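What follows is each chain in one-letter form.
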Amino acid sequence: MSTASVVAASNTQILSSLQPPLRVVIGGGTSGIGRGIALAYRKHCPNAHVTIIGRSQSAADEILSQLGSNGNFISADLSLMSEIRRITKQITAVDVLILSQGVLKFTGRTPTEENIDDKAALSYYGRVLFVKELLPLLRSSSHGGKVLFVMNCKRGNASKIHWDDMALEKNYSVLAAFNHVMAFTDLVIQYLAAQPENANVSFIHAFPGVVRTPIVNGLPFYLRLPAKALNTLGWGISPEECAEFMIHGIVETEKGWRCIDEKGETVSNKEVLDVEMLKKVWEHTCEISSRTGQHSNVSNELDKQ
């Protein structure tokens, strides 16, 4: 089994000579795994243009000081579809799109101002909208576009989807929400890869494993304290190590869709799902993101009356 240092050396060998230099966009790039991936691309491909997207200007400033002149930060609340539509208009080129934004909370359904559960908005709906908005640029990438969803492909299971309540408006629970996000991501990468116009783009769903990141800060105190203690004792791997394995998985993926594990290797037990099932998830996802945008506009108009 490859170590992080062996994989890092391979990543450097592959990425350092790429011309033109990569243009990398990272949702959730100011912290955790996203931050680790941003800095790893800077290390392996010094001329890469790396754009990180998140909320914290102070966190971004610390990373930008290491990314150099080719680093860029876009401030946005990635739980809002309107924000994603706004900021994707500022992006003019992308070869690699990393989607690592998310939150780990065990609260009930917490709707955003666009009436989407904030956890699902960050971890699924907003991510897919990112892809949808940037697909023209990914298709035109001279390196072949790459999209990485950092979630949990090992637990994605379509049999756990509430097909009669895909938005979980009637059957919400934290477990059901996690199951939907993981299964939907499995299905949406298959749907996207099956479209002929996306032949130049690969779609990857990754399980990063246990990684020592600040995401545990969102846990209830009775879980947060033990998690932090385990982190202190070295449980799991660092974001920097995880980044190397995730990039390894990206560079080893050619075209189509792929699920990768914490070492960046193929998860072999993923089945090709029914076409109608894929289409249903895609249509639901598009409906939620477009419906909430329209809902916000309607609400704004009503406020003016």
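Reading guide: rules and limits
Residues numbered from 1 in each chain as written. Predicted model: local features only at pLDDT ≥ 70, side-chain atom pairs only at ≥ 80, totals over all residues. Heavy atoms only, no water. 1 Å grid on protein atoms, 1.4 Å probe; cavity = no way out; pocket = protein on both sides within 12 Å on 5 of 7 lines; lining within 4 Å. Points joined across faces, edges and corners; volume = space filled by probe spheres on them. Helix = DSSP H or I, 4+ residues; strand = E, 2+ residues; numbered from the N terminus. Nonpolar A, V, L, I, M, F, W, Y, C, P; charged D, E, K, R; others polar. Buried < 20%, exposed > 50% of the residue type's maximum accessible area, 1.4 Å probe, protein only. Pairing = 2+ DSSP bridges. Axes fitted to C-alpha atoms, helices over the stretch in contact; angles between N-to-C directions. Contact = heavy atoms within 4.5 Å. Core = buried A, V, L, I, M, F, W, Y, C linked by side-chain atoms within 4.5 Å.

Caption draft 1: Geometry of empty space enclosed by the protein. A full pass over the atoms with the stated rule returns two cavities of 30 Å³ or more. The volume enclosed by the largest cavity comes to roughly 190 Å³. Only helix H5 (118–139), helix H6 (174–194) and helix H9 (275–304) provide two or more residues apiece to the lining of the largest cavity. When residues of the lining of the largest cavity are assigned to their parent elements, the largest contribution, four residues, is made by H6. For the lining of the largest cavity, a count of residues per class yields eleven nonpolar, two polar and four charged.

Caption draft 2: Local environment of the environment of cysteine 286. Relative to the elements of secondary structure, cysteine 286 occurs in helix H9. Cysteine 286 sits in the buried class, given a relative accessible area of 15%.

Caption draft 3: Spotlight on the sheet that holds strand E6 (residues 201–206). Spatially, seven strands are ordered E3-E2-E1-E4-E5-E6-E7 in an open sheet, and the strand pairing comes out parallel. Single-partner strands in this sheet number two, and they are strand E3 (71–75) and strand E7 (256–260). Neighbour-to-neighbour, the strand axes of this sheet turn through a mean angle of 15 degrees, independent of strand direction. For E6 and E7, the ladder comprises five bridges, and the chain directions are parallel. Bridge pairing in E7 places alanine 206 opposite isoleucine 260. Its contacts with the sheet place helix H2 (residues 32–44) against strand E1 (23–27), strand E2 (49–54), strand E4 (96–99) and strand E5 (145–150), and it is angled at close to 165 degrees to E1.

Caption draft 4: The nonpolar core, seen in detail. The biggest cluster of nonpolar side chains holds 53 residues, and the ones touching the most others in it are Ile53, Leu97, Phe130, Val131, Val147 and Phe203. Considering each element in turn, this core owes the most residues, twelve residues, to H5. Not counting residues up to four positions away in its chain, the partners in contact with leucine 97 are Val25, Phe130, Val131, Leu134, Leu138, Lys146, Val147 and Leu148. In this structure, Val24, Leu39, Ala40 and Leu67 belong to the second largest nonpolar core, which totals 35 residues.

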